[in-house]
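Chain by chain, the residues run as shown.
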Amino acid sequence: MHMVAPTVDMCDVLSKHVPVFQYHFSVDSSYHSVELNYVFGAPFSGVFADEMTVNGTVGSFCARQRNLSLQIMKLWTNFARHGRPTLDGHEWTPYSTKDRHYLHLSPQSIALRRNLRSEQVAFWNSLVPLLAVNSTVAESPFRAAAAASEPRSSSVGLWVLLASVGVLIVVLLLLAVLTVRLALENRRFKRASAPYLTKQMI
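Source: prediction; values computed, not measured.

1. Thoughts on the side chain of H24
Its place among the elements puts H24 in strand β1 (residues 23–25). Those residues in contact with H24, other than ones at most four positions away along the chain, are Y102, L103, H104, L105, L116 and R117.

2. Thoughts on the nonpolar core
Core analysis: the biggest nonpolar cluster contains 14 residues, and F25, V27, Y38, L68, I72, L75 and L105 have the highest contact counts within it. When contributions to this core are tallied by element, the ones reaching two or more residues are α2 (36–39), α4 (63–82) and β4 (101–105). With three residues, α4 is the largest single contributor of residues to this core. Residues in contact with L68, not counting those within four places in the same chain, are F25, V27, Y38, L105, S106, P107 and I110.

3. Regarding the sheet that holds β4
Taken in spatial order, the three strands of this open sheet run β1-β4-β5, and their pairing is mixed. Taken across any chain shown, the strands that pair with only one partner, and hence form the sheet edges, are β1 and β5 (110–114). Strand-to-strand twist of the sheet, defined as the mean angle between neighbouring strand axes without regard to direction, takes the value 25°. Bridge count for β1 against β4 is three bridges, and the pairing is parallel. Each bridged residue has a counterpart across the sheet, and for Y23 the counterpart in β4 is L103. Sheet contacts for α4: β1, β4 and β5; angle to β4, the most-contacted strand, approximately 145°.

4. Topic: the confidence of the model for the protein chain
Mean pLDDT for the protein chain: 75, with 68% of residues reaching 70 or above. Across residues 51–55, where pLDDT falls below 50, the model places five contacts with residues more than four positions away in sequence or in other chains.

5. Topic: a nonpolar patch on the surface
Together, V167, L168, V171, L172, L175, L178 and L182 make up an exposed nonpolar region whose accessible area comes to about 660 Å². Mapped onto the elements of the fold, V171 is located in helix α7 (residues 154–201).

6. Here's the deal with the packing of aromatic side chains
Scanning the entire structure with this criterion turns up six aromatic pairs. Taking 5.3 Å as the distance between ring centres and 70° as the angle between the ring planes, the aromatic pair formed by Y23 and W76 counts as edge-to-face. You can see Y23 sitting in strand β1 and its partner W76 sitting in helix α4, a full 53 residues away along the chain. We classify Y23 as partly exposed; its relative accessible area is 28%. Judged by its relative accessible area of 27%, W76 falls in the partly exposed class.

7. Re α4
With 20 residues, α4 extends 28 Å from end C-alpha to end C-alpha; this agrees with the ideal 28 Å at 1.5 Å per step. Taken residue by residue, α4 has Q65, L68, S69, Q71, I72, L75 and N78 as its buried positions. The inward-facing, buried residues of α4 contact β1, α2, α3 (42–45), β2 (86–87), β4 and β5. Looking one or two residues past α4, G83 carries a phi angle of roughly 80°, positive in sign.

8. A word on unusual backbone geometry
You will see that R100, though not glycine, has its phi angle at about 50°, which is positive. Checked against the element boundaries, R100 lands in the loop between β3 (90–91) and β4. For R100, a relative accessible area of 28% translates into the label partly exposed. Its identity is not glycine, yet N115 carries a phi of approximately 55°, on the positive side. With respect to the helices, strands and loops of the structure, N115 is situated in the loop between β5 and α5 (118–130).

Cut-offs and rules
- Residues numbered from 1 in each chain as written.
- Predicted model: local features only at pLDDT ≥ 70, side-chain atom pairs only at ≥ 80, totals over all residues.
- Heavy atoms only, no water.
- Helix = DSSP H or I, 4+ residues; strand = E, 2+ residues; numbered from the N terminus.
- Contact = heavy atoms within 4.5 Å.
- Core = buried A, V, L, I, M, F, W, Y, C linked by side-chain atoms within 4.5 Å.
- Buried < 20%, exposed > 50% of the residue type's maximum accessible area, 1.4 Å probe, protein only.
- Pairing = 2+ DSSP bridges.
- Axes fitted to C-alpha atoms, helices over the stretch in contact; angles between N-to-C directions.
- pLDDT = per-residue confidence, 0-100.
- Patch = residues over 30% accessible without salt bridge, like charges linked within 9 Å, V, L, I, M, F, W, Y side chains within 5 Å.
- Areas by Shrake-Rupley, 256 points an atom, 1.4 Å probe, with all protein chains shown as cover.
- Salt bridge = Lys/Arg side-chain N within 4 Å of Asp/Glu carboxyl O.
- Phe/Tyr/Trp six-rings, centres within 6.5 Å; stacked < 30°, edge-to-face > 60°.
- Expected span 1.5 Å × (residues − 1).

Here it is as structure tokens:
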């Protein structure tokens, strides 16, 4: 749950601004990022994407796992190619705070579902922050970041303007220093090459 609850919270925030496609990967002895082996075809190549399965072999994957890898590679490829993950004509419904769709990926089935572990997620994302030490209500870091990015007043615009002017001044100073250094190098070069040019002309 330490991964699922914050991921759902992040999906809630991001789905208001961009399309989000959530999935839940479920195989025996799953761990964070194990699906990368399936994304990059480890069941066929024996080249593993992570250090935890370095000693695995192609033979250690069953036919269902190889089929799952093919399906995942199609989904990811279609997403990269078309911006929409599709599988044999079926659309992967984007996540929304209303329906909370996610794609369940396992060797047994690939199915569109809703509300991933909703009771546990509700517990972790609402009750647990209330128990935070020295805080009346602890807010999700994703929600806090989203709130912080929204303009609050005209003073924000003033700070942006002042920061931009400061950056411009630093760039101009660097250009001035560079110009002076180039001028000095040019003088040194002329002085060093002057005797050589004089001898050649005589």
